[in-house]
Amino acid sequence: MSKAIIDDVAARAGVSIKTVSRVVNREPNVRQRTRERVEAAIAELNYRPRLSARSLAANRSFMLGLIYGKPGAHYVLDIQEGVLEMCRPHGYELVIHPGEFRDGDLADEISELILDRRIDGVLLSPPISDHMEAIALLKDAGIPLVRIAPTVDKAAHPFVETNDLDASFDLTEVLIGLGHRRIGFITGHPDHRAVGLRFEGYRKALRANGIAFQGELVAVGDNLFHAGEEGARQLLKLASPPTAIFAANDEMAGGVIKTALVHGLRIPEQLSVVGFDDAPISRQVWPSISTIQQPIRDMAKTATSILLEQLRAGESEQHPSMHPARLVLRESIAPPPSGKA
């Protein structure tokens, strides 16, 4: 069967080639009944416009860029899947680019990316969503952008976010409600400021419940499994170790569980463990990890929708969007051992 071309769609729908092009490119100046007729013809003929032809006609590449740091493999995958779910129905392709937050060449890398690939719009994932030099470069180049979970200068550009601080507060209060008073915390990567809000939520919950913050109960992590292992070793060798450990993400919580088991501790009878993200590891280990389900994919879909609307309508006003996280309580928590609260 021969491949349908734009002329075939125009003939089937009884419209001009220009009208078909407007429908394909999601332009607003097409009557609804005409749009529906063209879309029906496209579906009947299984018409697929060539990206190169669309690019020339619309003077755009139909490419979006996703620039991300290194917050954790599952996080990046969920963002990619959310973005792709929105890209495909609108005829856009996705270019992904990892970046190092502290790399002095990051802005130059982004500049090359948007020039070489003719990127139409950019999504910035944490921690790059707080990289102000990169953001300024995109703004100066006239490239529409949407930030995912930024923590600084949020009013400057459209963004989506979740309530990391409040959710961490709530999960810490769950541990306190079970009777825990010595609660350890393993921080996330220092460049990932959104993850840093989880530490603030933990400290806020301690204050709200009259529990003194103790620096010895905090270990520095970097969002990766090995950091959970090392952090747990540091905390468990204290003269008075914690009865619960809150890791800033689930990868590190998995590392905590491994180290605890190596030390002969039973979870949750002798140590409660919680994480954040509801990553696959939280459901794959035993006991499964109590955590906070972060709506990563939904945030990515909303961010992409906002970006596509900017590209379609030429709008750049603020579109803040909050996607609340929720507690997921599983088998990794219990009251502290008798006499060790």
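It should be emphasised that the depicted structure is a prediction, and the values quoted were computed from it without experimental measurement.

About the thresholds
Residues numbered from 1 in each chain as written. Predicted model: local features only at pLDDT ≥ 70, side-chain atom pairs only at ≥ 80, totals over all residues. Heavy atoms only, no water. Helix = DSSP H or I, 4+ residues; strand = E, 2+ residues; numbered from the N terminus. Buried < 20%, exposed > 50% of the residue type's maximum accessible area, 1.4 Å probe, protein only. Contact = heavy atoms within 4.5 Å. Areas by Shrake-Rupley, 256 points an atom, 1.4 Å probe, with all protein chains shown as cover. Pairing = 2+ DSSP bridges. Axes fitted to C-alpha atoms, helices over the stretch in contact; angles between N-to-C directions. Right-handed = clockwise from strand over helix to strand, strands pointing away. Parallel < 35°, antiparallel > 145°, perpendicular 65-115°, else oblique. Left-handed = near helix turned anticlockwise from the far one by under 90°. Nonpolar A, V, L, I, M, F, W, Y, C, P; charged D, E, K, R; others polar. Expected span 1.5 Å × (residues − 1).

Right, let's get into the overall build of the protein. A count of helices and strands for the protein gives 13 helices and 12 strands. The buried share among the 341 residues of the protein stands at 53%. Put simply, 72% of the contacts in the protein that link residues at least 6 apart link residues at least 24 apart. Carbon and sulfur atoms make up 50% of the accessible area of the protein, which amounts to about 15800 Å² in all.

Another aspect to go through is the sheet that holds strand E6 (residues 183-186). Reading across from one edge, E7-E6-E8-E9 is the order of the 4 strands in this open sheet, with parallel pairing throughout. The two strands at the open ends of the sheet, each matched to only one other strand, are strand E7 (218-219) and strand E9 (272-274). Looking at chain direction, E6 and E7 are connected through 2 bridges and run parallel. Along E7, the bridge assignment pairs Ile 186 with Ala 219. Helix H8 (residues 164-177) contacts E6, strand E8 (244-247) and E9 of the sheet and is inclined by roughly 170° relative to E8.

With that out of the way, let us pick up the environment of Ser 338. Within the fold, Ser 338 resides in the segment after strand E12 (326-328). Measuring from C-alpha to C-alpha, the distance between Ser 338 and Gln 270 comes to 9.5 Å, with 68 residues separating the pair along the chain.

Moving on, we get to the pairing of E6. Here E6 shows no split at all, with Ile 183 and Phe 185 on one side and Gly 184 and Ile 186 on the other all buried. Here 4 bridges tie E6 to E8, and the two strands are oriented parallel to one another. Looking at the pairing, Gly 184 lines up with Ile 245 of E8. Read from E6 through helix H9 (residues 193-208) to E7, the crossover connection turns out right-handed.

Where helix H10 (residues 225-236) contacts helix H11 (residues 250-262), the two axes come as close as 6 Å, and the packing angle between them is 50°. Classified by the angle between their axes, H10 and H11 sit oblique to one another. Crossing geometry of H10 relative to H11 is assigned as right-handed. Contacts between H10 and H11 involve Phe 225, Ala 227, Gly 228, Glu 229, Ala 232, Arg 233 and Leu 236 on the former and, on the latter, Glu 251, Met 252, Gly 254, Gly 255, Val 256, Lys 258, Thr 259 and Ala 260. Split into classes, the residues belonging to the contact of H10 with H11 amount to 7 nonpolar, 4 polar and 4 charged.

Time to look at H10. In this model, H10 (12 residues) spans 17 Å end to end at C-alpha, consistent with the 16 Å of a helix rising 1.5 Å per residue. If you check which residues of H10 are buried, you get Ala 227, Gly 228, Glu 229, Gly 231, Ala 232, Leu 235 and Leu 236. Its buried side turned inward, H10 meets E6, E7, E8 and H11.

Each pair of packed helices can be described by the angle between their axes along with the distance between the axes. Interaxial distance between helix H2 (residues 17-24) and helix H3 (residues 32-45) falls to 10 Å at its minimum, and their mutual angle equals 85°. Judged by the inter-axis angle, H2 sits roughly perpendicular to H3. Side by side, H2 and H3 meet where Thr 19, Val 20, Val 23 and Val 24 of the first sit next to Thr 34, Arg 35, Val 38, Glu 39 and Ile 42 of the second. Here the residues of the contact of H2 with H3 sort into 5 nonpolar, 2 polar and 2 charged.

The 6 strands are arranged E2-E1-E3-E4-E5-E11 in an open sheet whose pairing can be described as parallel. In this open sheet, the two strands that pair with only one neighbour each are strand E2 (93-98) and strand E11 (321-322). Taken together, the 4 bridges between strand E1 (residues 63-68) and strand E3 (residues 121-124) define a ladder with parallel strand orientation. Counterpart to Leu 64 in the pairing with E3 is Gly 121. Where helix H7 (residues 132-140) meets the sheet, its contacts fall on E3 and strand E4 (145-148), and the angle it forms with E4 comes to roughly 160°.

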